[in-house]
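Observations on chain architecture
Below are the chains, spelled out letter by letter.
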Amino acid sequence: RKVATGRRETMSPGPERVEALLSSEWQVKVEELAYRGIKLGAILDFYAKLGGGRGPMPHFDPAVSTTSDVVRSAIIPLSRGTAFGNVAYAVVAAEGQKELAERMVTHSWNNLFCHLVATVVADALGEPMFGNLAKQVAEANGLRALKARLAEA
């Protein structure tokens, strides 16, 4: 099949070729995402740096700041212009190494970021609910206690 593009004629790929190209591109993206894991310790270290008038998001408030707020105010700036280029924050946290994810975490941009972190902690601890953990994550002493508990688990 030939397609006129205005400048020259090109061969349009048939449906089989399009499917093969998409499958190949799809596989590359799936592998990229699968190796975009981040260790829970790195998430908690990142979280601990938020707020308190310092760090990548000085105005962070666990009772108010959403996942969207944290992504726009801290994660995107921390993942731009790095030694690894403009990359996902997981790449920065892993110092450029690929990290195979053990869990797939889905989230809502509008939920509180501390709830997202608490759900990941709850999963790691095998707890079915995250509410009490969210209270701990929101406080510096609670966060330290959770990190110690996770180290024992």
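Anything mentioned here points back to the structure above.
Residues numbered from 1 in each chain as written. Predicted model: local features only at pLDDT ≥ 70, side-chain atom pairs only at ≥ 80, totals over all residues. Heavy atoms only, no water.

Some remarks on helix 2 (residues 40–48)
- Here helix 2 has its buried residues at Ile-43, Leu-44, Phe-46 and Tyr-47. Here the buried residues of helix 2 occupy an arc of 160° about the axis, which is enough to place them on one side. (Buried < 20%, exposed > 50% of the residue type's maximum accessible area, 1.4 Å probe, protein only. Helix = DSSP H or I, 4+ residues; strand = E, 2+ residues; numbered from the N terminus. Arc of directions from axis to C-beta.)

Notes on the nonpolar core
- By size, the foremost hydrophobic cluster in this structure holds 27 residues, and its most contacted members are Phe-46, Tyr-47, Leu-50, Val-70, Phe-113, Val-117 and Val-121.
- Within the residue set of this core, elements represented by two or more residues are helix 2, helix 3 (67–78), helix 5 (113–125), helix 6 (131–137) and helix 7 (140–152).
- Broken down by element, this core gets its largest block of residues, nine residues, from helix 5.
- Beyond its immediate stretch of four places on either side in the chain, Phe-113 contacts Phe-46, Tyr-47, Leu-50, Phe-60, Ser-65, Thr-66, Thr-67 and Val-70. (Core = buried A, V, L, I, M, F, W, Y, C linked by side-chain atoms within 4.5 Å. Contact = heavy atoms within 4.5 Å.)

Some points on the pattern of salt bridges
- Taken as a whole and assessed by the stated rule, the structure comprises six salt bridges.
- Across the pair Asp-123 and Arg-103 runs a salt bridge, and its minimum N-O distance is 2.8 Å. Taken together, the residues span a long stretch of sequence, with Asp-123 in helix 5 and Arg-103 in the loop between helix 4 (89–93) and helix 5 at a distance of 20 residues.
- Since its relative accessible area comes to 54%, Arg-103 is described here as exposed.
- A single network of salt bridges, built from pairs that share partners, joins Lys-29, Glu-32 and Arg-36. (Salt bridge = Lys/Arg side-chain N within 4 Å of Asp/Glu carboxyl O.)

Coordinates in, geometry out; function isn't part of it.
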